[in-house]
Amino acid sequence: MIYKLSDIMDIIGGGTPKTSNPDYWDGDIPWLSVKDFNNDLRYVYNTEKKITKLGLENSSTKFLDRGDMIISARGTVGEIASIPYPMTFNQSCYGLRAKKNIISSDYLYYLIKYNVGKLQKKVHGSVFDTITRETFSDIEVDIPGLEIQNKIVSVLCDIDAKIQLNVTINRNLSEQALAIYHKMFVETDKAGRMTCKTDEFFNITIGKTPPRKEKEWFSKNPEDCVWISISDMGSCGTFIMDSSEYLTQDAVDKYNVKVVPDNTVILSFKLTVGRIAITVGETTTNEAIAHFNTNKDNITEYLYCYLKSFDFSSLGSTSSIGTAVNSKTIKAMEFTIPEEGELHKFCDIVRPMFERIKKNQFENQNLVTMRDSLLPKLMSGELDVSDIDLQ
């Protein structure tokens, strides 16, 4: 049956407590913004910021319930996620709540994901791309009965559940590796350890951005050179395998953009300081990211944990760290060199953990591709689900 998108769901607006009032912030109520989303994952479990009950009562933000959806409506339009437990959210997003007599919450999530392109074509705004409540009224969708809806989502939910399981496993493995690092290198002290500046141990290089006004250097083609940004590092996990934007080989050659070798630890140091990842394959990055190059094979996992545990606030005041840190600061950071014996022991313990993390990330990359290729075929009816038995 044909419906307007606005007729199958309630559209809920968000809000932001006054940032100048400390009584409204650092509470225990999760408060979502677009930066908390990872569009490859269905659910968003953690928020960067939380508000107090007082902040909730003195703003227009509202609670979304388990099963509700959230979609970014301003700036980067069309990032979506499902809500696993009650959360509030800001005004740059809409909460979407399924009208259960017409559509299930699961089906609504995949329906919106399927129609994101239509929403993005209807953006407006002189400064930021924006969608409004009226945008949802402009799009018509064909909704099958609840039985067919349930059969379609049974396929897609299984894939998303496996993706989330791998993410959870990887998070646990990463936490275990960091706990082992702390036990071996933070809670114990050995006279044989030495300290130096990071550029005395590593060859530290910095990425580059070709002139933005010359659009021929930039690409959306995955066959071109991976070009990592800070936002890519925000959602990649331990290993970074891809980027949202690419450089042509001509751009890399003409502007002498540093090529980062496989298995290199990289660090963001501008604006958002302290994101860390390990490269998979040769990559490039923008100028906000430093690369810790070394020929020492067994240092990668140690360096990753060292940087994950590093107090970056020590490089500048909490208010200015994003602008105060530069490449000279990164090259002058203190680095503790472990003894060879303890480094080998650490590597023997944690390297299998990192290898499992990488394997799971590769699997998730394939699962995301599978899900995203099945989605339009299932939602359009190209794939017949009538024979699926849900018993």
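> Which residues make up the pattern of salt bridges, and what values go with them?
Scanning all chains against the criterion turns up 14 salt bridges. The residue K162 makes a salt bridge to E363 at a minimum N-O spacing of 3.9 Å. A residue pair is termed long-range when its members are at least 10 positions apart, and K162 in helix 4 (residues 146-186) and E363 in helix 11 (residues 340-380) qualify at 201 residues. Each of D65, D68 and R97 takes part in a single network of salt bridges with overlapping partners.

> I'd like to hear about helix 11, residue by residue, with values.
The end-to-end C-alpha distance of helix 11, which contains 41 residues, comes to 59 Å, matching closely the 60 Å that a straight helix rising 1.5 Å per residue would cover. For helix 11, the principal kink sits at V350 and spans about 35 degrees; a proline, P352, occurs within the next four residues.

> Let's hear about the sheet that holds strand 16 (residues 265-268): which residues, and what values?
One open sheet accounts for 5 strands, arranged 11-19-16-17-14; its pairing is mixed. Looking at which strands have only one partner, the edges of the open sheet turn out to be strand 11 (203-206) and strand 14 (239-240). Note: strand 11 against strand 19 (residues 289-293), 4 bridges, orientation antiparallel. Pairing of I206 across the sheet is with A290, part of strand 19. Lying on the sheet, helix 8 (residues 300-308) is in contact with strand 16, strand 17 (276-279) and strand 19; it crosses strand 17 at an angle near 160 degrees.

> Describe the sheet that holds strand 5 (residues 69-72), with residues and values.
In a beta sheet, neighbouring strands are held together by backbone hydrogen bonds and run either parallel or antiparallel to one another. Ordered by their spatial adjacency, 4 strands build an open sheet running 2-8-5-6, and the pairing between neighbours is antiparallel. The open sheet has two free edges, formed respectively by strand 2 (9-13) and strand 6 (80-82), since each of these has just one partner strand. Averaged over all pairs of adjacent strands, the angle between their axes in this sheet comes to 25 degrees, without regard to strand direction. Relative to strand 6, strand 5 runs antiparallel, the two sharing 3 bridges. In the sheet register, I70 faces strand 6, and the bridge partner there is A81. Across the sheet, helix 2 (residues 105-121) touches strand 2, strand 5, strand 6 and strand 8 (93-98), and the angle it forms with strand 6 is around 175 degrees.

> If you had to explain the state of the cysteines to someone new, which residues and values would you point to?
For the structure on display, the rule yields 0 disulfides. C305 provides the cysteine sulfur closest to C196, a residue in no disulfide bond, and the two sulfurs are 18 Å apart. With no disulfide of its own, C347 lies closest to C305 among cysteine sulfurs, the gap being 11 Å.

> Can you tell me about the side chain of E301, naming the residues and giving the values?
In this fold, E301 is placed in helix 8. Dropping the residues within four chain positions of it, E301 is found in contact with F346, C347, V350, R351 and F354.

> Can you lay out the pairing of strand 17 for me, pointing to particular residues and giving the numbers?
Side chains of strand 17 alternate between two faces, with I276 and I278 and A277 and T279 buried alike. Where strand 16 meets strand 17, 3 bridges bridge the pair, whose relative direction is antiparallel. From the neighbouring strand, L267 faces strand 17, where its bridge partner is I276.

> Please provide a residue-by-residue account of helix 2, values included.
Its 17 residues give helix 2 an end-to-end C-alpha distance of 24 Å, which sits within 8% of 24 Å, the value for a rise of 1.5 Å per residue. By the largest-angle criterion, N115 marks the main kink of helix 2, which is about 50 degrees.

> So what's going on with the packing of helix 2 against helix 11? Which residues, and what values?
Between helix 2 and helix 11, the least distance of the axes is 10 Å, while the angle of their chain directions is 100 degrees. Classed by the angle they form, the pair helix 2 and helix 11 counts as roughly perpendicular. Residue-level inspection shows Y107, Y110, L111, K113 and Y114 of helix 2 in contact with helix 11, the latter providing R371, D372, L375, P376, M379 and S380. Tallied by class, residues from the contact of helix 2 with helix 11 come to 7 nonpolar, 1 polar and 3 charged.

> Lay out unusual backbone geometry in plain terms, naming residues and giving numbers.
A positive phi angle, near 50 degrees, is found at N256, a position not held by glycine. On the secondary structure map, N256 appears in the loop between helix 7 (249-254) and strand 16. Phi angles above zero are rare outside glycine, and N263 is one such case at about 65 degrees. Within the element layout of this structure, N263 appears in the loop between helix 7 and strand 16. Judged by relative accessible area, which is 28%, N263 ranks as partly exposed.

The rules behind these values
Residues numbered from 1 in each chain as written. Predicted model: local features only at pLDDT ≥ 70, side-chain atom pairs only at ≥ 80, totals over all residues. Heavy atoms only, no water. Salt bridge = Lys/Arg side-chain N within 4 Å of Asp/Glu carboxyl O. Helix = DSSP H or I, 4+ residues; strand = E, 2+ residues; numbered from the N terminus. Expected span 1.5 Å × (residues − 1). Bend = angle between axes of the 7 residues up to and from the residue. Pairing = 2+ DSSP bridges. Contact = heavy atoms within 4.5 Å. Axes fitted to C-alpha atoms, helices over the stretch in contact; angles between N-to-C directions. Disulfide = S-S within 2.5 Å. Buried < 20%, exposed > 50% of the residue type's maximum accessible area, 1.4 Å probe, protein only. Parallel < 35°, antiparallel > 145°, perpendicular 65-115°, else oblique. Nonpolar A, V, L, I, M, F, W, Y, C, P; charged D, E, K, R; others polar.

Any functional reading would require information beyond the geometric quantities listed.
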